[in-house]
There are 2 protein chains.
Amino acid sequence: MNQIFLTESLLKILSPEQVLSDEFDLKFYSYDSSFQAKLNRYFPDAVVFPRSTEEVAAVMRLAYEHGIPVTPRGAGTGETCGCLAVEGGLVMDLSTWDTIEEVDTANMQVFVRPGVVHANLNNHLASYGLFFPPDPGSSRMCTVGGMVANNSSGLRAVKYGTTEQYILGLEVVLPNGEVVITGGQKSRAIKNVSGLNLTKLFVGSEGILGIVTKIRLRVWPKPKSRGLAMAVFDNLEQAPQSVLDVYQGGILPSGIEILDDSAIKAINMYKPEINLPNAEAILLFEVDGNPAGVEWEGQQIKEIVSRRAVSVEWATEPNRINSLWQGRSVVATAAARVRPDGSRIFAGEDISVPLNRVTECLRRIKELAAQHGIAVVNYGHIGDGNVHTAPVINMDNQAEVEQVQKLTDAIHRLAVELGGATTGEHGVGAVRSRYAPAEHGRALNVMRMIKSVLDPKGIMNPGKLLPPEGDDSQC
Amino acid sequence: MNQIFLTESLLKILSPEQVLSDEFDLKFYSYDSSFQAKLNRYFPDAVVFPRSTEEVAAVMRLAYEHGIPVTPRGAGTGETCGCLAVEGGLVMDLSTWDTIEEVDTANMQVFVRPGVVHANLNNHLASYGLFFPPDPGSSRMCTVGGMVANNSSGLRAVKYGTTEQYILGLEVVLPNGEVVITGGQKSRAIKNVSGLNLTKLFVGSEGILGIVTKIRLRVWPKPKSRGLAMAVFDNLEQAPQSVLDVYQGGILPSGIEILDDSAIKAINMYKPEINLPNAEAILLFEVDGNPAGVEWEGQQIKEIVSRRAVSVEWATEPNRINSLWQGRSVVATAAARVRPDGSRIFAGEDISVPLNRVTECLRRIKELAAQHGIAVVNYGHIGDGNVHTAPVINMDNQAEVEQVQKLTDAIHRLAVELGGATTGEHGVGAVRSRYAPAEHGRALNVMRMIKSVLDPKGIMNPGKLLPPEGDDSQC
């Protein structure tokens, strides 16, 4: 279908302000936050902004009839090209469909459309004393629909798990335009084991099985108190060991973050007033709950972690918490400043390894970075083994651009070698599907069978999550 | 395939003590704990006891080649005929394959074979200070494999969720005998968003997609303290309202149980020394965590619940907790004693309704019971709306047997009408699939598509979870 006919067909379904096809407009849809999208731009043939389930279904029926690829998009904060039309066709921008339809406090659940921004949802829920626990770093921009597509999480996954844990049901438009509701078509039940668990299959499916148009989310009482322990380690090995000590002490913090020496250096260079101690690692243990319980756990953590750390500070006073947290909160920005001409890129940025391999992982990433002549800054959610590596390069230096691709490939392979995953929370998209054979082996066939039966024409977000057939020997 | 040839073929794969085909032996596999299995016996053609993945795969290849139905079975504690060969063929008894292969404390996970009994696993984990939180009532008998198949839970689901939340990966033998590993073929990562979430699709699939042969489970630090509040209500309406008050007070107990007046009466009749107060409802709030936090939440609960309850007692002393818990712990047994000739049956026993419909649900179940002339006892996990109804009948009275079937049908329909689910934790099996069209609407087609692509010959646990095609108008 040529672009003119496509636009005309779309205008029979949608109003003019819901369709973009001008090249200038399309440019804004040709990239996301990934490094890959800095190397290649992926222009869609058109962008649509449906604002009802019926409009999404009508667009899908058109796409299905003519075999047009459709790529759903939230805020475009992803780092995997997940929302880019890598095979052309339509981008479906759901970010403007941002209605919080209902907060059902009596049933501890909320109904939202996919474009609701995460932070806006939690601000809204706060007035009811409720919250939706997953907390991606992009909270102020990313959409709940994008979080569902990628099964997002963040700092607090240690205690609160990932997005999937809170999804009670979904309204999904299938590739052929049919609308289904998972988790019970009229259900407001919290507990439900009736039928195959389609809800959890769609969560994290990155838009390759259908378009999520409505989300039924479980929400929780917002904890009343919070505390933070900062621990400084002379020796990197002691940091993951301290994490294990805390778990074995019967304590499950809401988050455990690590900054290694590369991150400490970057932060001190970026904001010298933060003045983090020079050390091989800093750990931050966040605890939340009721005031008495938080204080008790803080004291326990302090005692347990002191055995291995050079120093431990425990704080419950909000200003002091913010000040201890400051280094961690600026690290993503600070990373880019480790060299004056540097850009921080997002590639190989999200591997997840077993807890007992974190030290080895961090040391080997540094070795690999040195071998490839690339500066990296390492931080991440050590409590669940999710390591964030930030390579910093000069984007105008072609040799560095090539080297960093080799480096990030090696980091992904390292994750698999260490018994980990190439992505802990950011997703696969177009940039990590090549590792699927090594990660999943024959289970990849099962994924392909499910994809092929739900999307027989292969129009839903093609080129994402699953590698092309026959590509299985790559890894 | 006739039974003799089947047995001979099985004996080429398994040793003689791994195959049963004598009618006397098969009888023990003709029933589970369901009412349905009291009305009809379902004899398999043979029972096999594989004890390796290779043996399971070899049996599946044989079954696939000859189109023989295969029904996996754990301890047979289910209440849905889920483990019965309702269409004949093989029962695969996995209960003797009960190895805890590894407790990986450093990575907070454990690898088990499907036959491990839940309580045995938790006893074993306790020595490491760890636990697997879901807690079905049948803990001392049921297998972890059965829990995965049914996505089981229990009292503590309010805080800890259901089995699926703890499953990091599965080894699954597909209907054609192929072996796949979900969640990363060599992964010990805790966090992993790579690929479609096959793990969660298989959890709760009741054996209709494949046989689970190995389970990688996340475990948690065992909480150090526990407390229990018992609250007595003159008026049933006030009980669910108190649950909501507690949630809105920012507290998430580990469990919240209800006994209505029918349950209170049954308990006092069965064990007069328990001497529960005569009331419309009793609630039990269980709190766990660290000692200071538990005490804080207990005092809060006491204060909050006192606004609506006649009395509230809060206890942290283990003997007193056990004594307060005693009524709840005997209710399942007590139910049968409401009449001298009574048997408690398991049918319509596990509906789940929105929290704000619990009162209406309990009142209407009583009305329905009265209309059908059947005694019922109601209790359950009110914190997540999961209502357990125990009908008590004289099994020799054919009129009662017929009436109770009408009653339980009405209870299932009531669940759907109230925006709930026909099963909160026990599963669908052969007894609740008829409600799938009403519960799931067109999502049922998606379930069928997945079933048909993974099990094209329809040999995996046929007659379970999904209703026969064309049956969709029944509800």
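Parameters at a glance
Residues numbered from 1 in each chain as written. Chains lettered and ligands numbered in written order. Predicted model: local features only at pLDDT ≥ 70, side-chain atom pairs only at ≥ 80, totals over all residues. Heavy atoms only, no water. Helix = DSSP H or I, 4+ residues; strand = E, 2+ residues; numbered from the N terminus. Rg over C-alpha atoms; globule rule 2.2 N^0.38 Å. Buried < 20%, exposed > 50% of the residue type's maximum accessible area, 1.4 Å probe, protein only. Areas by Shrake-Rupley, 256 points an atom, 1.4 Å probe, with all protein chains shown as cover. Lys, Arg positive; Asp, Glu negative; His and termini not counted. Charge placed at Lys NZ, Arg CZ, Asp CG, Glu CD. Contact = heavy atoms within 4.5 Å. Salt bridge = Lys/Arg side-chain N within 4 Å of Asp/Glu carboxyl O. Polar contact = N/O pair within 3.5 Å; in protein donor to acceptor, adjacent residues only side chain to side chain. Buried area = accessible area lost by both parts, 1.4 Å probe. Nonpolar A, V, L, I, M, F, W, Y, C, P; charged D, E, K, R; others polar. Phe/Tyr/Trp six-rings, centres within 6.5 Å; stacked < 30°, edge-to-face > 60°. Lys NZ or Arg CZ within 6 Å of the ring centre and 35° of its normal. Pairing = 2+ DSSP bridges. Axes fitted to C-alpha atoms, helices over the stretch in contact; angles between N-to-C directions. Domains from an automatic or database assignment. UniProt positions renumbered as here; feature names shortened; annotations may be inferred. Least-squares fit on C-alpha atoms with pLDDT ≥ 70 in both.

A.B. asks: Would you mind going over the overall build of chain A with me for this structure?
C.D. replies: Assigned secondary structure in chain A consists of 16 helices and 19 strands. Taken over C-alpha atoms, the radius of gyration comes to 23 Å for chain A, in line with the 23 Å a tight globule of 475 residues would show. For chain A, the spread of C-alpha atoms along the principal axes amounts to about 65 × 60 × 40 Å. Per-residue burial over chain A gives 64% buried out of 475 residues. Accessible area for chain A stands at about 16,200 Å²; split by element, carbon and sulfur atoms hold 47% of it. Charged side chains of chain A number 44 positive and 54 negative; the gap between the two group centres comes to 3 Å.

A.B. asks: Can you walk me through the environment of A279(A) in this structure?
C.D. replies: Residues and elements named next belong to chain A. Mapped onto the secondary structure, A279 falls in the loop between helix 10 (261-270) and strand 14 (281-289). When the C-alpha atoms of A279 and E101 are compared, they prove to be 49 Å apart, with 178 residues separating the residues in sequence. In contact with A279, other than residues within four places in its own chain, are V232, F233, D261 and I264.

A.B. asks: Would you explain the side chain of D93(B) in this entry?
C.D. replies: Residues and elements named next belong to chain B. With respect to the helices and strands, D93 occurs in strand 4 (residues 90-93). The side chain of D93 sits in the buried core without any salt bridge; R73 is the nearest counter-charge, 5.2 Å away. Separated by 2.6 Å, the side chains of D93 and Y29 make a polar contact. With sequence-adjacent residues up to four places away left out, D93 is seen in contact with Y29, V47, V48, F49, P50, R73 and G74.

A.B. asks: So what exactly am I meant to see when it comes to the interface of chain B and chain A here?
C.D. replies: How big an interface is tends to be reported as the loss of accessible area on association of its parts. On the side of chain A, 92 residues touch chain B, which itself brings 91 residues to the contact. Between chain B and chain A, the buried area comes to about 7,400 Å², and carbon and sulfur atoms account for 62% of it. When the buried area of chain B at its contact with chain A is split by residue, K191(B), V193(B) and L196(B) rank highest and sum to 12% of it. The tally of links from chain B across to chain A stands at six salt bridges. Among the ionic pairs, D384(A) bridges to K191(B), the shortest N-O distance being 3.8 Å. If you look at where chain B meets chain A, you find 36 residue pairs in polar contact (both at pLDDT 80 or more). Elements with a minimum of two residues in the side of chain B that touches chain A: helix 7 (157-160), strand 9 (179-181), helix 8 (198-202), strand 11 (220-221), helix 9 (238-248), helix 11 (291-306), helix 15 (436-440) and helix 16 (443-454) of chain B. Per element, the largest residue contribution to the side of chain B that touches chain A is eight residues, and it comes from helix 16 of chain B. Here the residues of the side of chain B that touches chain A sort into 40 nonpolar, 35 polar and 16 charged.

A.B. asks: Is there a simple way to think about the packing of aromatic side chains in this case?
C.D. replies: How two aromatic rings sit relative to each other is set out by the distance from centre to centre and by the angle between their planes. This structure, assessed with the given rule, holds twelve aromatic pairs over all chains. With centroids separated by 5.6 Å and ring planes inclined at 80°, the aromatic side chains of F24(A) and F28(A) adopt a geometry described as edge-to-face. By relative accessible area, which is 44% here, F28(A) ends up partly exposed. Note on Y166(B) and W220(B): the rings are 5.9 Å apart at their centroids and 75° apart in plane angle, and the pair reads as edge-to-face. Here W220(B) lies in strand 11 and Y166(B) lies in the loop between helix 7 and strand 8 (167-173), a separation of 54 residues in the sequence. The buried category is assigned to Y166(B), whose relative accessible area is 1%. Three or more aromatic residues joined by ring pairs make a cluster, and in this case those are F131(A), F132(A), Y160(A), Y166(A) and W220(A). Above the face of the W325(A) ring, R226(A) is positioned so that its terminal group lies 6.0 Å from the ring centre. Positioned above the aromatic ring of Y64(A), the side-chain terminus of K457(A) is 4.5 Å from the ring centre.

A.B. asks: Would you mind showing me how to read the sheet that holds strand 8 of chain B here?
C.D. replies: Through backbone hydrogen bonds, the strands of a sheet pair up, either in parallel or in antiparallel fashion. Residues and elements named next belong to chain B. On the basis of which strands lie adjacent, the open sheet formed by five strands has the order 5-6-10-8-9 and antiparallel pairing. Here the strands that pair on one side only, and so sit at the sheet edges, are strand 5 (100-104) and strand 9. Within the sheet, the average angular offset between the axes of one strand and its neighbour, ignoring direction, is 10°. Inspection of the sheet shows strand 8 paired to strand 9 by three bridges, in the antiparallel sense. Residue V172 lies in a different strand from strand 9, and its bridge partner there is V180.

A.B. asks: So what exactly am I meant to see when it comes to the domain arrangement of chain A here?
C.D. replies: All names here are of chain A. When cut into domains, chain A gives domain 1 (3-93), domain 2 (100-221), domain 3 (225-417) and domain 4 (432-475). Computed over C-alpha atoms only, the centres of domain 2 and domain 3 are separated by 28 Å. On the domain 3 side, the residues contacting the seven residues of domain 2 number 14 residues. Roughly 830 Å² is buried in total at the junction of domain 2 and domain 3, and carbon and sulfur atoms are behind 56% of that figure. Taken as a group, L155, V158 and K159 account for 74% of the area that domain 2 buries against domain 3, more than any other trio of residues on that side. E286 serves as the salt-bridge partner of R156, at 4.0 Å between the closest nitrogen and oxygen. Applying the counting rule to domain 2 against domain 3 returns two residue pairs in polar contact (both at pLDDT 80 or more). Residues that form the side of domain 2 that touches domain 3 fall into these classes: four nonpolar, one polar and two charged.

A.B. asks: Explanation requested: the sheet that holds strand 4 of chain B in the structure shown.
C.D. replies: All names here are of chain B. The strand order across the open sheet formed by four strands is 1-2-4-3, and the pairing between neighbours is mixed. Each end of this open sheet is capped by a strand with a single partner; those strands are strand 1 (19-20) and strand 3 (70-73). Alignment of strand 3 against strand 4, held across four bridges, turns out to be parallel. When the bridges of strand 4 are listed, R73 appears paired with D93. Against the sheet, helix 4 (residues 53-66) touches strand 2 (46-48), strand 3 and strand 4, its axis set at about 170° to strand 4.

A.B. asks: Mind showing me how you'd approach the UniProt feature "domain: FAD-binding PCMH-type" (unreviewed entry) in chain A here?
C.D. replies: Taking the numbering used here, the UniProt-annotated feature "domain: FAD-binding PCMH-type" (unreviewed entry) corresponds to residues 40-222 of chain A. Here residues 40-222 of chain A runs as 21% helix and 23% strand, with 43 Å between its end C-alpha atoms.

A.B. asks: Got a minute to help me understand the relation of the copies chain B and chain A in this structure?
C.D. replies: Copy one and copy two of the chain differ by a rotation about an axis and a translation along that axis. With an RMSD of 0.0 Å, the fit of chain B onto chain A corresponds to turning through 180° and sliding 0.0 Å along the axis. Between the two chains, the operation in question is that of a two-fold axis. Among all C-alpha atoms of chain B, that of G293(B) lies closest to the rotation axis, at 1.8 Å. By residue overlap, the copies meet face to face through one surface: 100% of the interface positions of chain B are interface positions in chain A.

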